[in-house]
Amino acid sequence: MGMSVLVVGSPSAGSLSGTERLDNFPSFFGSNNGGGQGWIDASLEQASFYGAEFAPPLFMATGIFKTTVEQNALIEVHLSAGTSTELSAPESRVLGKSLIVASGSVPRKLDLPHEASLWGRSLHNCALCDGDAYAHDGSKKSVAVIGGGNAAVEAIFLLHKLGVGVIHWIHRREEYRANQIEVGKVRQLSNVEIWAPFVVVEWVGAMKDNTAPLELEGIRIAGARNGQADADATSSLVIPCDGAFLMIGSTPNSEWLAASGLEIDPISKLILRLTPFSEGTNINNPIPTFSTSTSIQGVFAAGEVADDTYRQALTASSEGAKAAIDAQRYLRFMGPEVTSQHSSPGKDKRNDAKQQRQMIEHNHLEQVVARPVDCDLTTSDCIKHVISTYPVVVFSKYFCPHCRRALEALRSFSERTGFTEPFVIDLATVDGMKTQEQLATMTGRRTVPNVFVGGNSIGGGDETVHLQKVGTLEELLRKAGAIL
Ligand code: NAP
């Protein structure tokens, strides 16, 4: 549409990035489709090819405000570096003539005692990310999966495939929201114990010196009626469990918009208005309707932040397309005419977003320096030459948070050991795709990052972080001559 677009947010933070298989997206079919993250990567590639600019991955939007520039109402978005739990004060502001909120939803928790201390150690909500921790030791581990939706079913299949010993499936009703065919397949798995209708009433773990438990030992469950612990149930029981995956749905991620004045319903969902701006209209001058408009003029919404019914990658994408069309129609018929420094009339529209991104980067971001290479990186000879010349080579994309995590893990040795900076190759280019294909042929890994140490691929972000955590990375770097 020739609009200048700046995208803010981590491309790997959404629940889709933890989806191993994406089976219900038309045209994205086949066992090798790369799952949710593959779909995200392909979409990012496509968006950047058509000129979308991406704010650096560590930046999150923390609020939006209406502002005026030369008498025109604009949307100001505040950005901060950090994580959702550790945000610094607003560090950057960007201005848009229109805004699409697509901040998704956040996984629900049960909020039982000790949940916080166990979270990330024994309690999880991503089987793809954390399931393998329960598949070692000759698969004697026992885990629980809680919830009756498709995400729970998917987690069970994955844990089963990984080789987890026993999987307890706990659901508060006898009926399941999940696809019935898949529920039937779960019932056939010999290592799955089904507890329904049951609810979790306690995380059981040993207290040490009166402090909260750090390891789960079991889960106390009680019989349920209408989704709640049955008041008549006199007994409960403890199932021994090493870990649990809470797949109990999610809540729209709108907390960061609380101060914006946007209408938000009691379950945190953004309220959409078909004809939100009635001022000055009459029968001869009807205003266009916008199915994705929020209560603030020029602000549109798509996906689970405004939808608790359909919640599919496909429906969210469709809403994204509608929101983009609405934003374009809004700008065409009703949008502000801006002639400030923030717009560049007459220039390529893409420059607006580019300038805003550069401004954020210039102000706040320690950029990953991507190096030029003097041979053709789409060939295996060139890749072999590069990975044998430098002790550590990272094939990366500047907007990819997994790449940043891998680099952080590598750089964690810098101060203590005099670690040599990795040689970073940015593949966020059109030719990058071809290099990725070549890397896939050579290493079986098509996605970024692809981290090479001493000429060998050690994996992506998760693998690099894991090797750092278990202490193997330092040894590998030492052998490769990257640290003294
Ligand atoms: P969901 O469909 O909302 O299911 C959440 C489940 O958790 C429900 O069974 C719900 O029980 C239960 N639950 C909610 N709060 C609970 C609580 N406090 N205590 C105990 N149980 C609780 O969520 P989801 O499985 O995350 O799926 C979200 C969306 O993504 C859905 O549209 C789903 O189809 C889609 N999805 C698709 C795929 C795929 O196509 N590959 C994979 C995963 C997810 P009730 O049934 O009693 O409400």
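Quick note: structure is the one above.
Every value quoted in this text rests on a predicted model; they were computed, and no experiment measured them.

Rules and cut-offs
Residues numbered from 1 in each chain as written. Predicted model: local features only at pLDDT ≥ 70, side-chain atom pairs only at ≥ 80, totals over all residues. Heavy atoms only, no water. Salt bridge = Lys/Arg side-chain N within 4 Å of Asp/Glu carboxyl O. Helix = DSSP H or I, 4+ residues; strand = E, 2+ residues; numbered from the N terminus. Pairing = 2+ DSSP bridges. Axes fitted to C-alpha atoms, helices over the stretch in contact; angles between N-to-C directions. Contact = heavy atoms within 4.5 Å. Parallel < 35°, antiparallel > 145°, perpendicular 65-115°, else oblique. Disulfide = S-S within 2.5 Å. Core = buried A, V, L, I, M, F, W, Y, C linked by side-chain atoms within 4.5 Å. Buried < 20%, exposed > 50% of the residue type's maximum accessible area, 1.4 Å probe, protein only.

1. Digging into the pattern of salt bridges
Side chains bearing opposite charge may pair, as long as their charged atoms lie close to each other. Tallied over the full model, the rule gives 11 salt bridges. When the shortest N-O distance is used, the salt bridge between Glu475 and Lys479 registers 3.8 Å. On the criterion of helical spacing, the pair formed by Glu475 and Lys479 is a turn pair, its members being 4 residues apart in helix H13 (residues 472-480). One network of salt bridges, with partners in common, ties together Asp265, Lys269 and Asp308.

2. Topic: the sheet that holds strand S19 (residues 392-396)
Read across the sheet, 4 strands follow the order S20-S19-S21-S22 without closing on themselves; strand pairing throughout is mixed. The sheet terminates laterally at strand S20 (423-426) and strand S22 (456-459), the two strands that pair on one side only. For this sheet, the mean angle separating the axes of adjacent strands, direction not counted, is 25°. The sheet contacts of helix H12 (residues 461-469) involve strand S21 (450-453) and S22, and relative to S22 the element is tilted by about 90°. Of the strands in this sheet, S19, S21 and S22 touch H13, which is tilted by about 55° from S21.

3. Regarding the packing of helix H8 (residues 380-389) against helix H11 (residues 432-443)
At a closest axis distance of 10 Å, the pairing of H8 and H11 adopts a crossing angle of 75°. Here H8 lies roughly perpendicular to H11, going by the angle between them. When H8 is examined against H11, the residues Ser380, Ile383 and Lys384 are found in contact with a partner set consisting of Thr435, Gln438, Leu439 and Met442.

4. Thoughts on the state of the cysteines
Tallying each qualifying case throughout the model produces 1 disulfide. Linked covalently through their sulfurs, Cys375 and Cys382 form a disulfide whose S-S length is 1.9 Å. Measuring the twist about the S-S bond at about 70°, one finds the Cys375-Cys382 disulfide to be right-handed.

5. Describing the nonpolar core
If you look at the biggest cluster of nonpolar residues, it comprises 21 residues, and the most contacted ones within it are Val145, Ile156, Leu159, Ile167, Trp169 and Phe245. Elements represented by at least two residues in this core include exactly strand S9 (142-146), helix H4 (150-162), strand S10 (166-170) and helix H5 (180-187). With 6 residues, the single largest contributor to this core is H4. When residues no more than four places from it in sequence are discounted, the contact partners of Ile167 are Val143, Val145, Ile156, Leu159, His160, Asn191, Val192 and Glu193. Ile64, Val94, Val299 and Val305 belong to the second largest nonpolar core, which has 18 residues in total.

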